[in-house]
Amino acid sequence: MRHFLDLSDFDAERLTSILDMAAAMKSGAVAPKPLAGKTVGMIFEKPSTRTRVSFEVGITQLGGTPLMLSSSDLQIGRGEEISDTAKVLSRYLDAIMIRALSHKTLAELAKNCSIPVINGLTDLSHPCQLMADMQTMRERLGPLENQIVTWFGDGNNVANSWIEAAALFGFELRLAGPEAYHSPAELIAWARKKGANILLMEDSAEAARDATVLVTDVWISMGDAEGTRVADLQPYQVNQKLMSLAAPDAIFMHCLPAIRGMEVTTEVIDGRQSAVFDEAENRLHAQKAILAHIFDENF
């Protein structure tokens, strides 16, 4: 059985094969139906646009049946143990994708399921997003190991998955933000031990210089208190001045939704270097390849 919980669970060769499949699916070169006759449950503890639509469409295109399950639809919303829910759903479904508030929920679900579980997002990581991001980088820039990626902002779940990706795919990763907002030190240490070139930087201009990818995310995630976050992160807004310091062919990425005028300016997100809508589309293709990976024993 193959779960897809975090990038760190895989080696670069396996993830690259998934990316190759995603590219083949996007081009129309292959159109497998590994989900024919199968039902995939989609549990949402947090609202979603891209995760909900891309998974539902992808499951259907692969021949399967998606089943939408909000936390209010399930007895876990009334206190049922995750382990009990997992054991029951394993009797009905062929796989589960969950967008969870807590990574502990994901881990408990996967531990007790006898079917594959896919991480659609937790508070600690967002591996499906990073697979779409890697696909977008390959399309727009070429080999991943040649890139210099700068993350602007706080060390949130997406930043954590960027750190894992840097350890696996070999690109330089600069984390630009206040020291108090960096990703967990133990995660950075793990990535460096794997050989990742990760730089912690507080000067946004220096971090942007000659980078091939500038990437950010919302500063206030669902459930977070604003506090001083906006003021603290304001120097790390991605604007045209920062883009001008990057490599001439650099791209801008954002997992969306974006708060225009906060973490990124409208000029950048709608500009010629923006790859955000290619990135959003690639959620569909990358996730189809992940689904094919967990169901196709020959893949």
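Residues numbered from 1 in each chain as written. Predicted model: local features only at pLDDT ≥ 70, side-chain atom pairs only at ≥ 80, totals over all residues. Heavy atoms only, no water.

Some thoughts on the overall build of the protein chain
Stage number 1. Along the backbone of the protein chain there are twelve helices and nine strands.
Stage number 2. Here the C-alpha radius of gyration of the protein chain, 19 Å, is about what a compact globule of 299 residues would show, namely 19 Å.
Stage number 3. For the C-alpha atoms alone, the extent of the protein chain along its principal axes is close to 55 × 45 × 35 Å.
Stage number 4. Taken across its 299 residues, the protein chain has 56% of its residues classed as buried. (Helix = DSSP H or I, 4+ residues; strand = E, 2+ residues; numbered from the N terminus. Rg over C-alpha atoms; globule rule 2.2 N^0.38 Å. Buried < 20%, exposed > 50% of the residue type's maximum accessible area, 1.4 Å probe, protein only.)

Observations concerning the sheet that holds strand β6 (residues 172-176)
Stage number 1. Spatial strand order, β7-β6-β5-β8-β9: five strands in an open sheet with parallel pairing. Both outer strands of the open sheet, β7 (198-201) and β9 (251-254), are each paired with one neighbouring strand and no more. Sheet twist, expressed as the average angle between the axes of neighbouring strands with direction ignored, equals 20 degrees.
Stage number 2. Of the pairings in the sheet, the one linking strand β5 (residues 148-152) to β6 comprises five bridges and is parallel in character. Across the sheet, the residue bridging to V149 is L173, located in β6.
Stage number 3. Along the sheet, helix α7 (residues 185-193) makes contact with β6 and β7, crossing β7 at roughly 145 degrees. (Pairing = 2+ DSSP bridges. Axes fitted to C-alpha atoms, helices over the stretch in contact; angles between N-to-C directions. Contact = heavy atoms within 4.5 Å.)

Quick notes on the nonpolar core
Stage number 1. With 59 residues, the main nonpolar core has F4, M134 and W162 as its most contacted residues.
Stage number 2. By residue number, the principal contributor to this core is helix α6 (residues 157-169), which donates nine residues.
Stage number 3. Apart from the residues within four sequence positions on either side, W162 is in contact with L130, D133, M134, M137, V149, W151, F171, L173 and V215.
Stage number 4. One finds V238, L242, F252 and V264 within the second-largest nonpolar core, a separate group that totals 21 residues. (Core = buried A, V, L, I, M, F, W, Y, C linked by side-chain atoms within 4.5 Å.)

Notes on the packing of α6 against α7
Stage number 1. Packing of α6 against α7 leaves a shortest axis separation of 8 Å and a crossing angle of 15 degrees. Viewed along their axes, α6 and α7 adopt a mutual orientation that is roughly parallel. For α6 against α7, the interelement crossing comes out left-handed. On α7, the residues touching N160, I163, E164 and A167 of α6 are L187, I188, W190 and A191.
Stage number 2. By residue class, the composition of the contact of α6 with α7 is six nonpolar, one polar and one charged. (Parallel < 35°, antiparallel > 145°, perpendicular 65-115°, else oblique. Left-handed = near helix turned anticlockwise from the far one by under 90°. Nonpolar A, V, L, I, M, F, W, Y, C, P; charged D, E, K, R; others polar.)

Concerning the packing of aromatic side chains
Stage number 1. For the coordinates displayed, the defined rule picks out two aromatic pairs.
Stage number 2. Here W162 and F171 contribute two aromatic rings whose centre-to-centre distance is 5.8 Å and whose plane-to-plane angle is 75 degrees, an arrangement assigned as edge-to-face.
Stage number 3. On the basis of relative accessibility, which here comes to 0%, the residue W162 falls in the buried class. (Phe/Tyr/Trp six-rings, centres within 6.5 Å; stacked < 30°, edge-to-face > 60°.)

Side note on the pairing of strand β4 (residues 117-121)
Stage number 1. Where burial is concerned, most of β4 is hidden: five out of the five residues are buried.
Stage number 2. In terms of strand pairing, strand β3 (residues 95-99) meets β4 through four bridges, oriented parallel. Following the sheet pairing, M97 is matched in β4 by I118.
Stage number 3. Considered for its hand, the β-α-β crossover made up of β3, helix α4 (residues 103-112) and β4 is right-handed. (Right-handed = clockwise from strand over helix to strand, strands pointing away.)

Section: the side chain of D133
Stage number 1. Tracing the backbone through its elements, the reader meets D133 in helix α5 (residues 127-141).
Stage number 2. Put simply, D133 is tucked away with no salt bridge, and the nearest opposite charge, on R283, sits 7.4 Å away.
Stage number 3. Within the structure, the side chain of D133 is placed 2.8 Å from the side chain of Q129, a separation counted as a polar contact.
Stage number 4. The residues contacting D133, other than those within four sequence positions of it, are W162, M253 and E279. (Lys, Arg positive; Asp, Glu negative; His and termini not counted. Salt bridge = Lys/Arg side-chain N within 4 Å of Asp/Glu carboxyl O. Polar contact = N/O pair within 3.5 Å; in protein donor to acceptor, adjacent residues only side chain to side chain.)

Some points on unusual backbone geometry
Stage number 1. Of note, the amide linkage connecting L256 to P257 takes the cis form, showing an omega dihedral of 5 degrees.
Stage number 2. Within the fold, P257 resides in the loop between β9 and α11 (266-269).
Stage number 3. Although it is not a glycine, L121 sits at a positive phi angle of roughly 150 degrees.
Stage number 4. By secondary structure assignment, the location of L121 is in strand β4.
Stage number 5. Note on L121: relative accessible area 7%, which makes it buried.
Stage number 6. Of note in the backbone geometry, D210 takes a positive phi value of approximately 65 degrees without being a glycine.

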